[in-house]
Amino acid sequence: MNGSPEALPDPREVVERKRDRGQLTREEMRSFILGYARGDIPDYLAAAFLTACYLNGLSIEETTELTQAMVDSGRTIALLDVDRPKVDKHSTGGVSDSVTLVFVPLAASLGLAVAKLSGRGLGHTGGTLDKLESIPGLRTDLSVDEFEAQVARIGCVVAGQTEDLVPADGAMYALRDATGTVASIPLIAASVMSKKLAVNSDLILLDVKAGSGAFMKTPESAAELARTCVLLAAGAGRRARVAVTDMTRPLGTAIGNALDVAEAVRILRGEERGRLRDLSVRFAGVAVSSLLGGSQAEAEQRAEAALDGGAALDTFALMVETQGGDHRVAEDPAGVLPRAPHRVDMALDRTGFVVEIDAEALGRAAAQLGAGRVRKGDPVDPAVGIEFTATVGDHVEAGQPVGTIHSRTPEDAARAEAVVRGAVTVGDEAADPPPMVFGWYDSDDVEEAGG
Ligand code: URA
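Along each chain, residue indices are assigned from 1 in the same order as the chain's sequence is written. Side-chain atom pairs in this predicted model are given and counted only at pLDDT of 80 or more, local residue features only at pLDDT of at least 70, and totals for whole chains, interfaces and linings cover all residues. Excluding hydrogens and water, the side-chain values take into account all heavy atoms of the structure.

Sorry if this is basic, but what is going on with the packing of aromatic side chains here?
The geometry of two aromatic rings is summed up by the distance between their centres and the angle between their planes. Any two of the Phe, Tyr and Trp rings considered here, Trp counted by its six-membered ring, make a pair once their centres fall within 6.5 Å; the pair's planes then place it as stacked at under 30 degrees, edge-to-face at over 60, or tilted in between. In the structure shown here, the tally under the stated rule is two aromatic pairs. Relative to Phe-49, the ring of Phe-32 has its centre 4.3 Å away and its plane inclined at 25°; by these criteria the two rings are stacked. Here Phe-32, found in helix α2 (residues 26-38), pairs with Phe-49, found in helix α3 (residues 43-56); they are 17 residues apart in sequence, far enough to count as distant. Assigned by exposure class, Phe-32 and Phe-49 land together as buried. A ring pair is formed by Phe-283 and Trp-440, whose centres lie 5.7 Å apart and whose planes are at 70°; its orientation type is edge-to-face. Residue Phe-283 is located in helix α12 (residues 275-292), and its partner Trp-440 is located in strand β13 (residues 437-442); the two are separated by 157 residues in the primary sequence. In DSSP terms, a helix is any run of H or I states spanning at least four residues, a strand is any run of E spanning at least two, and both are numbered starting from the N terminus. Under the scheme applied here, a residue whose accessible area is under 20% of the maximum for its type counts as buried, over 50% as exposed, and between as partly exposed, the area being computed with a 1.4 Å probe on protein chains only.

Here's what the structure looks like:
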């Protein structure tokens, strides 16, 4: 080719091959993903590519190449100056799922380092970055240097992908949200694992959600996503422990960005019990026992004590302050966080037991209020959302308040209230809620199996 650069695969042909159920080569995958991350490939072509992947799936080899190309679209973070054992944690996304907001300071208060790249709200699910940014002044667009320095100094950091960090995921995540291509096992696995592999941790903890409020609607499909993530970790020589957890109903009581932060603060202050606290403690226990030794039960006891004794809250306040946020949120969330102009208490029309809550409907109602985005790049309203305090198994009385809608207008509140009422099934018999954790998957088992 006489000194001219080697011809790159034509991106249109890459899309066509995937559309026709072909298998992409390493070179095709890399050139498409890196080209998109550089801005050389337009959104419309990337949207067609994502749709083809969504419809036709990707083999584990293609998923591995996709993940690695996403990692290679930016810098990686070695965390050489961090002397504590390093854990990273990620959820595939749920409704009222603020485990990260609790887990990160909790694990750091127990002697671990947590350096976490998070995402924004996708579809009906909330995003840690959107939640954290509801704290006035808090920055999540840290440079790699800032990210590394913060975790070395205080033991924890939560930031977003930037031009430096997994930029391909940043761009594709937003495009998937806007094109209905989120709920794909290989695309979710690559998105999650690219962010985890870009940061050099000793343990990757993943929370793969299953149920109406998750992208994976059944424990079986969530288990497939969990196994894919474990294979990607093992293939990259990294340790991962992955839980499939219940998302058949909201995990906590708050759905909305500032509302989620306020709930996390109540848990960090030891004021609120429930499944959000229990799951945060379970993950902290797994991280501590895996990296510092001791039993799971002992590690969970330490985590409970850090929540009840204030150590986790102090670490949260320090993290918020270090990222430029108003640390008084840890003392007085209501005084610091934005509040929606309209707050309307809501009740159900029937007396009986809550047997089912359509978590996705609640997530969509919160997104409609402005807590999520309809189009790529839309701003979110940090103040709006839904608080819903009843959960499956609870007995409720008709007319008794079970939640509050936080909205910009009374009309928005009325619309959301109608959706929430339609999303909750009340029956005569108490239903047994599903377990909090359906199962665990471990990269060590892949290696042992020679997979
Ligand atoms: N979380 C991510 O980071 N990526 C996804 O695709 C879904 C959830």
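Once you've had a look at it, read on.
Where do I start with empty space enclosed by the protein in this structure?
The rolling of a water-molecule-sized probe over the atoms marks out the regions of remaining empty space. Buriedness for pockets is judged along seven lines, at least five of which must meet protein on both sides within 12 Å for an open set on the 1 Å grid over protein atoms alone, while cavities are sets there where a 1.4 Å probe fits but cannot get out, and lining residues have an atom within 4 Å of a point. Grid points are joined across faces, edges and corners, and a volume is the space filled by probe spheres set on the points. All told, the structure shown has two cavities of 30 Å³ or more when counted by the stated rule. Considered as a void within the structure, the largest cavity measures approximately 290 Å³ in volume. Lining of the largest cavity is provided by 29 residues; of these, His-90, Ser-91, Thr-92, Gly-93 and Tyr-173 occupy positions nearest its centre. Among the secondary structure elements, those contributing two or more residues to the lining of the largest cavity are β1 (86-91), α5 (99-109), β2 (113-118), α6 (128-132), α8 (167-179) and α9 (185-197). When the residues that make up the lining of the largest cavity are grouped by side-chain class, the tally is eight nonpolar, 15 polar and six charged. Space inside the second largest cavity adds up to approximately 140 Å³. Lining the second largest cavity are 21 residues, with His-124, Thr-125, Gly-126, Ile-255 and Ala-371 positioned closest to its centre. Only α6, α11 (257-268) and α16 (359-371) provide two or more residues apiece to the lining of the second largest cavity. Lys, Arg, Asp and Glu make up the charged group, whereas Ala, Val, Leu, Ile, Met, Phe, Trp, Tyr, Cys and Pro make up the nonpolar group; the residues left over, Gly among them, are polar.

Honestly, the side chain of Ser-407 in this entry has me stumped. Any pointers?
Within the secondary structure, Ser-407 sits in strand β11 (residues 401-407). On the basis of relative accessible area, Ser-407 is assigned to the buried category, the value being 0%. Think of a polar contact as two N or O atoms within 3.5 Å of one another; within protein, one of them needs to be a possible hydrogen donor and the other a possible acceptor, and neighboring residues in sequence only count if both atoms come from side chains. Here the side chain of Ser-407 touches Thr-409 through a polar contact of 2.8 Å, landing on its backbone oxygen. By the convention used here, residues are in contact when the closest approach between their heavy atoms is within 4.5 Å. When near neighbours in sequence (up to four residues on either side) are disregarded, Ser-407 contacts Ala-340, Pro-341, His-342, Leu-369, Val-384, Asp-412 and Ala-413.

How should the pairing of strand β5 (residues 240-246) be read in this particular structure?
Burial analysis of β5 places six of its seven residues in the buried class, which makes it a mostly covered element. What makes two strands pair is DSSP finding at least two bridges between them. Examined bridge by bridge, strand β4 (residues 203-210) and β5 share seven bridges and lie parallel to one another. Directly across from Val-208, in β5, lies its bridge partner Val-244. The handedness of a crossover follows from its direction of travel: if, with the strands pointing away from the viewer, the path from the first strand over the helix to the second runs clockwise, the crossover is right-handed. In this region the chain leaves β4, passes through helix α10 (residues 219-235) and returns to the parallel neighbour β5; the handedness of that crossover is right-handed. For β5 and β13, the ladder comprises five bridges, and the chain directions are antiparallel. The partner of Thr-245 across the bridge, within β13, is Val-437.

Is there a simple way to think about the state of the cysteines in this case?
Every disulfide links exactly two cysteines, by a covalent bond between their sulfur atoms. When the sulfur atoms of two cysteines come within 2.5 Å, that pair is taken as a disulfide. Per the stated rule, a full pass over the model turns up zero disulfides. Cys-53 takes part in no disulfide bond, and the closest cysteine sulfur to it belongs to Cys-229, at a distance of 16 Å. Given the relative accessible area of 1%, Cys-53 is considered buried.

Purely geometric numbers; function is a separate question.
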